[in-house]
Amino acid sequence: DDVVVAYEKSLVKDAPRAEADGHLSPEDEAALYAHYSQSLSGDVDVAPSDAGRSQPGGDADTTTGIDSDVAMTRSEEELDVNTRTQEAGRVRLRKWVETEDVTIRVPVRREKARLVTEPITDADDDAIVGGDLTSDEHEVVLREEVVDVEKRVVPKERVRLETEVETGEVVVDDEVRKERVEMDQDVDTQRDSS
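Keep in mind that this is a model prediction, so the values were computed, not measured. (Residues numbered from 1 in each chain as written. Predicted model: local features only at pLDDT ≥ 70, side-chain atom pairs only at ≥ 80, totals over all residues. Heavy atoms only, no water.)

## What about the overall build of the protein chain?
Phase 1 of the analysis: When its secondary structure is counted, the protein chain shows three helices and two strands.
Phase 2 of the analysis: Among the 194 residues that make up the protein chain, the fraction classed as buried is 4%.
Phase 3 of the analysis: Taking the intrachain contacts of the protein chain between residues at least 6 apart in sequence as the baseline, contacts between residues at least 24 apart amount to 67%.
Phase 4 of the analysis: Of the roughly 21,000 Å² that the protein chain leaves accessible, carbon and sulfur atoms contribute 47%. (Helix = DSSP H or I, 4+ residues; strand = E, 2+ residues; numbered from the N terminus. Buried < 20%, exposed > 50% of the residue type's maximum accessible area, 1.4 Å probe, protein only. Contact = heavy atoms within 4.5 Å. Areas by Shrake-Rupley, 256 points an atom, 1.4 Å probe, with all protein chains shown as cover.)

## A look at a negative patch on the surface
Phase 1 of the analysis: A surface patch of like charges, here negative, comprises D1, D2, E182, D184 and D186.
Phase 2 of the analysis: Looking at the element boundaries, D184 is found in the segment after α3 (125-129). (Patch = residues over 30% accessible without salt bridge, like charges linked within 9 Å, V, L, I, M, F, W, Y side chains within 5 Å. Salt bridge = Lys/Arg side-chain N within 4 Å of Asp/Glu carboxyl O. Lys, Arg positive; Asp, Glu negative; His and termini not counted. Charge placed at Lys NZ, Arg CZ, Asp CG, Glu CD.)

## Side note on the layout of surface pockets
Phase 1 of the analysis: Roughly 610 Å³ of volume is contained in the largest pocket.
Phase 2 of the analysis: For the largest pocket, the lining is made up of 13 residues, of which V102, E150, K151, R152 and V153 are closest to its centre.
Phase 3 of the analysis: Of the residues belonging to the lining of the largest pocket, the class tally is seven nonpolar, no polar and six charged. (1 Å grid on protein atoms, 1.4 Å probe; cavity = no way out; pocket = protein on both sides within 12 Å on 5 of 7 lines; lining within 4 Å. Points joined across faces, edges and corners; volume = space filled by probe spheres on them. Nonpolar A, V, L, I, M, F, W, Y, C, P; charged D, E, K, R; others polar.)

## With respect to the confidence of the model for the protein chain
Phase 1 of the analysis: Residues of the protein chain with pLDDT of at least 70 account for 75%, and the chain-wide mean is 79.
Phase 2 of the analysis: At the low end of the mean pLDDT range in the protein chain sits strand β1 (residues 62-63), at 43; at the high end sits helix α2 (residues 26-35), at 84.
Phase 3 of the analysis: Note that residues 39-64 has pLDDT below 50 and, in this model, 27 contacts with residues that lie over four places away or in other chains. (pLDDT = per-residue confidence, 0-100.)

## Observations concerning a nonpolar patch on the surface
Phase 1 of the analysis: Side chains of V102, I104, V106, V108, V147 and V149 sit close together on the surface and give an oily, nonpolar patch of about 590 Å² of accessible area.
Phase 2 of the analysis: Inspection of the secondary structure puts I104 in the loop between β2 (66-67) and α3.

## Description of the pattern of salt bridges
Phase 1 of the analysis: Scanning all chains against the criterion turns up six salt bridges.
Phase 2 of the analysis: Taking the shortest distance from any N to any O, the salt bridge between E76 and R74 comes out at 3.1 Å.
Phase 3 of the analysis: For R74, a relative accessible area of 40% gives the class partly exposed.
Phase 4 of the analysis: The salt bridge partner of R110 is E144, with a shortest N-O separation of 3.1 Å. Here the residue R110 occupies a position in the loop between β2 and α3, and E144 occupies one in the segment after α3, the gap between them amounting to 34 residues.
Phase 5 of the analysis: Residue classification places E144 among the partly exposed residues on the basis of a relative accessible area of 49%.

## Regarding the environment of E144
Phase 1 of the analysis: Sequence separation between E144 and V108 is 36 residues, and the spatial gap between their C-alpha atoms is 7.5 Å.
Phase 2 of the analysis: With residues near it in sequence (within four places) discarded, E144 still touches R109 and R110.
Phase 3 of the analysis: For E144, the side chain forms a polar contact with the side chain of R110, separated by 3.1 Å. (Polar contact = N/O pair within 3.5 Å; in protein donor to acceptor, adjacent residues only side chain to side chain.)

Here it is in structure tokens:
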């Protein structure tokens, strides 16, 4: 019914402490092996010194070199959940050319000829003088605006792909085992009737 280990209670109590998350760093692991005089392969390099063992007449709480404080360690499993990144898909940015009809109304001006007759007044000295009847022509150039259409490529906007991170939750449901400890007393204690 006893649990016996190769090391004294004082040696175990003086052992380097590890983090409570259950993970040992390489430095912590090396320190523990060094404390218990073991190599990293698990082979015993040096036998534990007798300095940690109780000698008769030494510690008050030990008898015959074995720790009288009989205890056991209860352990249980915990879920160690981590995340990793994996490819979930790909997105491409693609560009192509489409043709569409565009209608633009452009105002244009044009000159028109209009015949205007005015009576001669005293202010028109040259016209009053008169002269011989002749045939004559007078020409006026009429002008108009026409639409010239040219096409040019004009940058309108920049388009790019960005990624953003959405945070959600994933439920992890698993079984863990844990040790239980209970006292099993199979010796009947009798009361002293006297």
